[in-house]
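Understanding the architecture of this molecule
Now for the letters of each chain:
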Amino acid sequence: MKESEYTDQQVILIKLGGSIITNKDGFKQPDIPRINQLAGEIHRSNQNSRKLMVIANGAGSYGHSVAKKYDTMDGLVNSESRRGLVELRKSLDEIHTMLIDRLAATGEYPISLSALSFLTSQNHKPSRLFIDPVVNLLEHGLLPVTSGNAVTDSTTGFTIFSGEKVLNLLALALLKTNYKPKLVIQVSNSRGVEDRSKNADTIPTIDQINIRSVLRKSIHLPSSTDVTGGMAEKVREAYALAKKGVPTFIISPQADNLYKALEGSTAVEGTMIRFNHG
């Protein structure tokens, strides 16, 4: 596909939360209707105007319980750690493949990219990211799809990066290419960031004015099975990205929300995380 066929040369990055494409409190329970709905909204928006997009999915009930059982986040900690990594990868591939299949069924051209193949870490912090495969896919009209996953770690053997972390790292890397990130959309199991100090009202905007108070007293704690930090970690990482010029919009999976967000509509309840430069 030629670049001229795209309405906008900027990239929209989309995270489909594990808690919305699966029943996160169960074990390997996909929400197929929801996956179909979100895949359909992505395709419908692309039919209106061609967009450059990168997608990442969360693990949900296909990852968190396995990762917690084997302490995969901590790497090689005991004799079962290697088996745990194998089981985690197998499980994550199942839900990821379901998403790929549904996107392809709509008429999109999704190509799976494992974070393990383009991202490495050192002592749980990102060390290298190879962005070329993502750029090459975008150049040829293909849809890169990755996920929260295990990555190799030079200190601990391996660790886990959430879908948000992987997507945000890709956004930072894309800033150095001709394919600049425009926006990150996180589809979550809430209406945005909910203020637990105010009857769970949605916080419409998080920026340098209120970020500290939001992190200190407003965010619900992560669930017992969430090994990647929950909403607080999502907000911290999104704010760090916003400071680089890439805002994040956290929305619910309600029908047409993702479609509207992709179309630039302001009639979507959610939380915009941004940094007001100047």
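Keep in mind the model is a prediction, meaning the values are calculated, not measured.

Here is what the cut-offs are and how they apply
- Residues numbered from 1 in each chain as written.
- Predicted model: local features only at pLDDT ≥ 70, side-chain atom pairs only at ≥ 80, totals over all residues.
- Heavy atoms only, no water.
- Helix = DSSP H or I, 4+ residues; strand = E, 2+ residues; numbered from the N terminus.
- Expected span 1.5 Å × (residues − 1).
- Contact = heavy atoms within 4.5 Å.
- Polar contact = N/O pair within 3.5 Å; in protein donor to acceptor, adjacent residues only side chain to side chain.
- Buried < 20%, exposed > 50% of the residue type's maximum accessible area, 1.4 Å probe, protein only.
- Pairing = 2+ DSSP bridges.
- Axes fitted to C-alpha atoms, helices over the stretch in contact; angles between N-to-C directions.

So, on to helix 2 (residues 32-48). Counted at 1.5 Å a residue, the expected span for helix 2 with its 17 residues is 24 Å, and the 24 Å between its end C-alpha atoms agrees. For helix 2, the elements touching its buried residues are strand 1 (11-16), helix 1 (18-21), strand 2 (52-57), helix 4 (81-106), strand 9 (181-187) and helix 10 (257-262). The N-cap of helix 2, judged by a side-chain oxygen 3.1 Å from the amide nitrogen of arginine 34 a few residues on, is aspartate 31.

Even without being glycine, aspartate 71 reaches a positive phi, approximately 55°. With respect to the element layout, aspartate 71 can be found in the loop between helix 3 (64-70) and helix 4. Residues other than glycine seldom take positive phi values, yet aspartate 256 does so here, at roughly 80°. As for its position among the elements, aspartate 256 is in the loop between strand 13 (248-251) and helix 10. On the basis of relative accessibility, which here comes to 29%, the residue aspartate 256 falls in the partly exposed class.

Pairing within the open sheet is mixed, and its four strands lie in the order 5-4-7-8. Only two strands of the sheet have a single neighbouring strand rather than two, namely strand 5 (125-129) and strand 8 (157-161). Within this sheet the neighbouring strands show an average axis-to-axis angle of 45°, counted without direction. As defined by bridge partners, strand 7 (residues 149-153) adjoins strand 8 across five bridges and the pair is classed as antiparallel. Along strand 8, the bridge assignment pairs valine 151 with threonine 159. Seen against the sheet, helix 4 touches strand 7 and strand 8 and runs at an angle of roughly 140° to strand 7.

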